[in-house]
Amino acid sequence: MLTLENVSFGVQEDRKEKEIIHDLTLTIDDHKFVVITGPNGGGKSTLARLIAGIERPTQGRIAFDGEDITDKNITERANLGISYAFQQPVRFKGVQVLDLIRLAAKKKLAAADACVYLSEVGLCAKDYINREINSSLSGGELKRIEIATVLARGTKLSVFDEPEAGIDLWSFQNLIAVFERMRDKTDGSILIISHQERILNIADEIVVIADGKITAQGSREDILPGLLGTASAVDACSKFYKGGQ
Amino acid sequence: MADPVTFSNVDSIQMRLLEEVAGLHEVPAGAYNIRANGQMAARAASANIDIISKEDGTGIDIRIKPGTKKESVHIPVVLSQSGLTEMVYNDFYIGDDADVVIVAGCGIHNGGDGDSRHDGLHRFFVGKNAKVKYVEKHYGSGDGRGKRMMDPQTEVTMEENSYMEMEMVQIKGVDSTRRSTKADLAAGAKLVIRERLLTHGSQFAESSFVVNLNGEDSSANVISRSVAKEDSTQIFNAEINGNAKCAGHSECDAIIMDNARISAIPRITANNTDAALIHEAAIGKIAGEQIIKLMTLGLTEEEAGAQIVNGFLK
């Protein structure tokens, strides 16, 4: 269980303190599939970074399974069982996909075992296992590899920051299936930041964040109807429909 | 030809150096010549590959018969005596249509106060349609105050439609190195050079490549990946001259750390309207996001940095 208690986070901008997260309190229960949505610039990605330890709160506490992790660094949180998938995955010249999956799994996986994770995210494993994670990979391919590294870790909490960002519609349709499978199979909790209606549709719980605060929170049945048709719940094809009219 | 000498002439430090630079832990298959502390320690020829000492004793001639296929030559050099300085001249004559692997390399262990130095001039004459893979590794060890220095020079003459791939690696322990590589390519010849370099401490490494694409449809690809740590200095010069319809590409990619300094000086010259030449050079530190990504997988900051460097130089 992850709990954020009265968490605030601010940055210095033009010599003034700009607060991005205001006094936010949130609990993510075990075995839950939670989707955080809300307008752009509302603080969602910052919240994910605060959970992973990439940013530290200016106020408030964060606890994981009852242990205060506010002062723990990224590595310590990772080893306690928190995974984080980047919105914009990082490229590494020379590092192969297999290397990264092995680092994620923390064991010297056989190539065939590593392939299981790639197949899970819809990549034909034998074509990718020896590829370098460099600029020859497309945004969609990188995103899937990023998700595969989180799957390989198999931790208690997995945080995904806008998995739909920066990929084409075709790839996104396939990614939804990945998350649907993950929802059914995974034992741990999953926290996804997303605007996509189809992701919201498989949530146990939806949290809406705007201006650094929670504006709505509850079960999918309670929250989703109020979001449909707004920017917080986008139909992946809406732009195409509009373009075709 | 000298009688084959057994490996019993090689001591344990030299054996370790041989393993580092040539992957040798036993007598290799194929032809070989092992030079230890300025003397020949072991040599063997094969039916198709002859190794002959130069008459003035300054080096060896390696003659590979035309059509020799899938054979290898190992010619590593090791120095374990502090203060030893030597210069050798090795010439490789690779016959037409041959397909061979040549493994060179130099390891210096300096546990004393005198500077140890190995300089070599390797000349390759690659025959028509021949295919050569050349691997050269440099390695230094020992905690003496004496420096470990190597200045290798390589000259390559490639005949029509020949192919040569050169892999040059220096990862550890060499205090000072100035590498000079020059190649002349005839029509249809193709040269690929891959250099990997890691410097640390107050080491200095300079690599200079001059490739002359003289024949029609000749091509060259020079790729350097390097990491400079601590107070070390690296200079990379890559010059490609397109003198015919040809294709040339050079790429220098470097990671800079600590107080190191790196210069990359690529130069391309076209003397023919059909010469297509490209150079790329990039120097930068390890991106913070790369470190963060590996930390989210549970690695410490130091482990993450080491992984990134290892992957980059792999």
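Conventions and cut-offs
Residues numbered from 1 in each chain as written. Chains lettered and ligands numbered in written order. Predicted model: local features only at pLDDT ≥ 70, side-chain atom pairs only at ≥ 80, totals over all residues. Heavy atoms only, no water. Helix = DSSP H or I, 4+ residues; strand = E, 2+ residues; numbered from the N terminus. Expected span 1.5 Å × (residues − 1). Buried < 20%, exposed > 50% of the residue type's maximum accessible area, 1.4 Å probe, protein only. Contact = heavy atoms within 4.5 Å. Axes fitted to C-alpha atoms, helices over the stretch in contact; angles between N-to-C directions. Left-handed = near helix turned anticlockwise from the far one by under 90°. Nonpolar A, V, L, I, M, F, W, Y, C, P; charged D, E, K, R; others polar. Polar contact = N/O pair within 3.5 Å; in protein donor to acceptor, adjacent residues only side chain to side chain. Salt bridge = Lys/Arg side-chain N within 4 Å of Asp/Glu carboxyl O.

For helix α3 (residues 301-313) of chain B, which comprises 13 residues, the first-to-last C-alpha distance of 19 Å matches the rise-based estimate of 18 Å (1.5 Å per residue) to within 8%. When α3 of chain B is considered as a whole, its buried residues turn out to be Ala304, Gly305, Ile308, Val309, Gly311, Phe312 and Leu313 of chain B. Elements that come into contact with the buried residues of α3 of chain B comprise β7 (92-96) of chain A together with β12 (163-172), β14 (190-199), β16 (218-228), β18 (246-256) and α2 (288-295) of chain B.

Turning our attention to the packing of helix α3 (residues 97-105) of chain A against helix α6 (residues 139-153) of chain A. Residues and elements named next belong to chain A. It is at 7 Å that the axes of α3 and α6 come closest, and there the two elements cross at 30 degrees. Note that α3 runs across α6; the crossing there is right-handed. Contact with α3, carried on its side by Val97, Leu100, Ile101, Ala104 and Ala105, involves Ile145, Ala148, Thr149, Ala152 and Arg153 of α6 and no other residues of that element. A class-by-class count of the residues in the contact of α3 with α6 yields 8 nonpolar, 1 polar and 1 charged.

Residue and element names in this part refer to chain B. As for its position among the elements, Arg148 is in strand β11 (residues 148-158). Judged by its relative accessible area of 10%, Arg148 falls in the buried class. Polar contacts involving the side chain of Arg148 include one to the main-chain carbonyl oxygen of Ser141, which spans 3.3 Å. Contact partners of Arg148, with chain neighbours within four places excluded, come to Ile108, Asn110, Ser116, Gly140, Ser141, Gly142, Gly173, Val174, Asp175 and Ser176.

Once that is clear, we can look at the pattern of salt bridges. Residue and element names in this part refer to chain B. Applying the stated criterion across every chain, the model contains 34 salt bridges over all chains. Here Glu86 ties to Arg35 by a salt bridge, and the two come within 2.9 Å at their closest N and O atoms. Of this pair, Glu86 sits in strand β7 (residues 85-94) while Arg35 sits in strand β1 (residues 31-36), placing them 51 residues apart in sequence. Arg35 carries the same exposure label as Glu86, and that label is buried. Taking the shortest distance from any N to any O, the salt bridge between Asp217 and Lys245 comes out at 2.5 Å. Here the residue Asp217 occupies a position in the loop between β15 (204-213) and β16, and Lys245 occupies one in the loop between β17 (233-242) and β18, the gap between them amounting to 28 residues. The exposure class of Asp217 is partly exposed, given its relative accessible area of 45%. Among the residues examined, Lys245 registers a relative accessible area of 38% and is labelled partly exposed. A cluster of three or more residues bridged by salt bridges with shared partners is formed by Lys133, Glu165, Glu167, Arg194 and Arg196.

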